[in-house]
Amino acid sequence: MAKAWGGAFSQATDPRVEKFTESISFDARLAEVDIRGSQAHARMLAEVGLISAAERDAIITTLDEIGSEISQGKMAWKIELEDIHMHIESALIVRLGDTGRKLHTGRSRNDQVATDLKLWVRGAIDELDELLADVQRAFVGRSDADQDVVLPGYTHLQRAQPVMAVHYWLAYCEKFARDRERLADCRKRVNISPLGAAALAGSSLPIDRHLSAKLLGFDGVAANSLDVSSDRDFEIEFVSTLALIAAHLSTWAEEWILWCTTEFSYLKLPHAYTTGSSIMPQKRNPDVLELIRGKSARVIASAQQLFLLVKGLPMAYNRDLQEDKLALFAAFDTIKSCLELAPSIVAGAQLQLDKINARLEEGFLDATTLMEYLILRGVPMRTGHEVVGKLVALCESRKCKLAEVPLSDLQQACDKITADVSQVLGTHNVVAALKSYGSGGRGPVLERLTEWQQRLEAN
Ligand code: ARG
């Protein structure tokens, strides 16, 4: 088959080279954006008089036909045609002859690929934003049922202070909100048109890049053809954000895997999202959560892959860049599959309140609030810390809780303590007492919950 670029060549390409250099096996999924980009390009070419209105219409209609054949799986992929761009263009030429031969006027595959990728990433951002909102809604959605639940909070995985369960759920909402902001911010730089930058230097033809950009819904036109024809920063930003989403999902998965252990017994996962063991009949394994944790490696690695790909590339387009799609698609597909499953797991998991409550008073979760009680009575913070530390040691030797120490013993440790100390001892008193903005106490958490409910109704 003659190559679109074969004019200056005296030898046919070695078939092994065709196999080595093809990208159709992974860039076919750009077909839809490629066609949209070409249709806008054809409209622009007609507007500036480089093709006629009749040629424009023939190109647009035929591209639609080619697009529906591709989506029905009717297009046979040939590695000789290398990539999706050549497949679509050659199908157009087969059907339209010379009219089809005009489509590539004033552009190159370099700006075409960059344009396709930007359109594709823009769609991917919008899709993931929805999926992230669904995860947030799942966390907020379970907050009604969990409104009175108190959980131990940990640092170093050691019991630290109690917080409302809803505080945990909203903590994940915050993380995913930042991810959504990052995606929205990345979208601004994605949404600048490369089209018409051509190979690297632009064109001597009277193309109107602003028009094609507008037709494609871009917010602006890239100002330097050399830069934008090879720019993959937007992919790195996008995939780096996906890496952070993966890290957040992995943290959540790890936490819930722990909570499902017999040792913790905080949580039961819905059976539909666990799997059994082929040998141990009693097992219900959190495989989905484990794979969400495990698949995060692929997403984080994809960000690394893109960095390594561009590091050291000279200006402008280099064929290395063809490899970008593998990392981009792997990261997107992985994150999407995780985000699609997460809401059902979040919504379906059941807190084991009997187990949680039975052990809620273990671990001196009220020690810090007792220290703050002393501070409010004029005791310097460091002194209060020491006093409570000694009381904890006393409790450990007596195998009792702070709330069970007789008032006289408490007063012996510090004469500022009075009978009202009972109001800050015990886990439920602590969550009632925590009141700083953003804290895990009942009041602030319920205020934040209302805000989140309103926010997620809007988007
Ligand atoms: N298949 C190539 C890619 O995906 C298309 C760009 C080819 N450009 C070139 N100058 N050879 O990157």
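Whatever comes next refers back to the structure up there.
Quick summary incoming for the structure in this document. (Residues numbered from 1 in each chain as written. Predicted model: local features only at pLDDT ≥ 70, side-chain atom pairs only at ≥ 80, totals over all residues. Heavy atoms only, no water.)

### A look at unusual backbone geometry
Reasoning step 1: The peptide bond linking M315 to A316 adopts the cis configuration, its omega dihedral lying at 0°.
Reasoning step 2: Mapping A316 onto the fold places it in the loop between α12 (287-310) and α13 (324-348).
Reasoning step 3: Here the phi dihedral of F364 falls at roughly 55°; this positive angle occurs in a residue that is not glycine.
Reasoning step 4: Looking at the secondary structure, you find F364 in the loop between α14 (353-358) and α15 (367-376).
Reasoning step 5: The exposure class assigned to F364 is buried, which follows from its relative accessible area of 19%.
Reasoning step 6: You will see that K399, though not glycine, has its phi angle at about 55°, which is positive. (Helix = DSSP H or I, 4+ residues; strand = E, 2+ residues; numbered from the N terminus. Buried < 20%, exposed > 50% of the residue type's maximum accessible area, 1.4 Å probe, protein only.)

### Here we look at the packing of aromatic side chains
Reasoning step 1: Applying the stated rule across the entire model yields 15 aromatic pairs.
Reasoning step 2: Plain terms: the ring middles of W120 and F329 are 4.8 Å apart, the flat faces sit at 70° to each other, and that makes the pair edge-to-face. Here the residue W120 occupies a position in helix α7 (residues 109-141), and F329 occupies one in helix α13, the gap between them amounting to 209 residues. In terms of burial, W120 and F329 fall into one category: buried.
Reasoning step 3: In textbook terms, an aromatic cluster arises when at least three aromatic residues are bridged by ring pairs, as seen for F139, Y154, Y168, W169, Y172, W252, W256, W259, F264 and Y266.
Reasoning step 4: Seen from the ring of F329, R29 lies directly overhead, with NZ or CZ sitting 4.2 Å from the centre. (Phe/Tyr/Trp six-rings, centres within 6.5 Å; stacked < 30°, edge-to-face > 60°. Lys NZ or Arg CZ within 6 Å of the ring centre and 35° of its normal.)

### Describing the site of the ligand
Reasoning step 1: Inspection of the region around the ligand gives S23, E82, D83, R109, N110, V113, Y317, Q322 and K325 as its neighbouring residues.
Reasoning step 2: In the model, a nitrogen atom of the ligand is placed 2.8 Å from a nitrogen or oxygen of the D83 side chain.
Reasoning step 3: Take N110: an N or O atom from its side chain is 3.0 Å from a nitrogen atom of the ligand.
Reasoning step 4: Contact with the protein chains covers 85% of the free accessible surface of the ligand, which is 350 Å².
Reasoning step 5: Applying the majority rule of atoms within 2 Å of the grid points places the ligand in the largest pocket.
Reasoning step 6: Top element by residues in the shell around the ligand is α7. It accounts for three residues. (Near = heavy atom within 4 Å. Polar contact = N/O pair within 3.5 Å; in protein donor to acceptor, adjacent residues only side chain to side chain. Areas by Shrake-Rupley, 256 points an atom, 1.4 Å probe, with all protein chains shown as cover. 1 Å grid on protein atoms, 1.4 Å probe; cavity = no way out; pocket = protein on both sides within 12 Å on 5 of 7 lines; lining within 4 Å. Sits in = over half its atoms within 2 Å of the grid points.)

### Let's talk about the environment of S108
Reasoning step 1: Structurally, S108 can be placed in the loop between α6 (98-101) and α7.
Reasoning step 2: Accessibility expressed as a relative area gives 11% for S108, which makes it buried.
Reasoning step 3: Along the sequence, S108 and L200 sit 92 residues apart, while their C-alpha atoms lie 8.6 Å from each other.
Reasoning step 4: Apart from residues no more than four positions distant in its own chain, S108 is found in contact with A198 and A199.
Reasoning step 5: In terms of polar contacts, S108 uses its side chain to reach the backbone amide nitrogen of N110, at 2.8 Å. (Contact = heavy atoms within 4.5 Å.)

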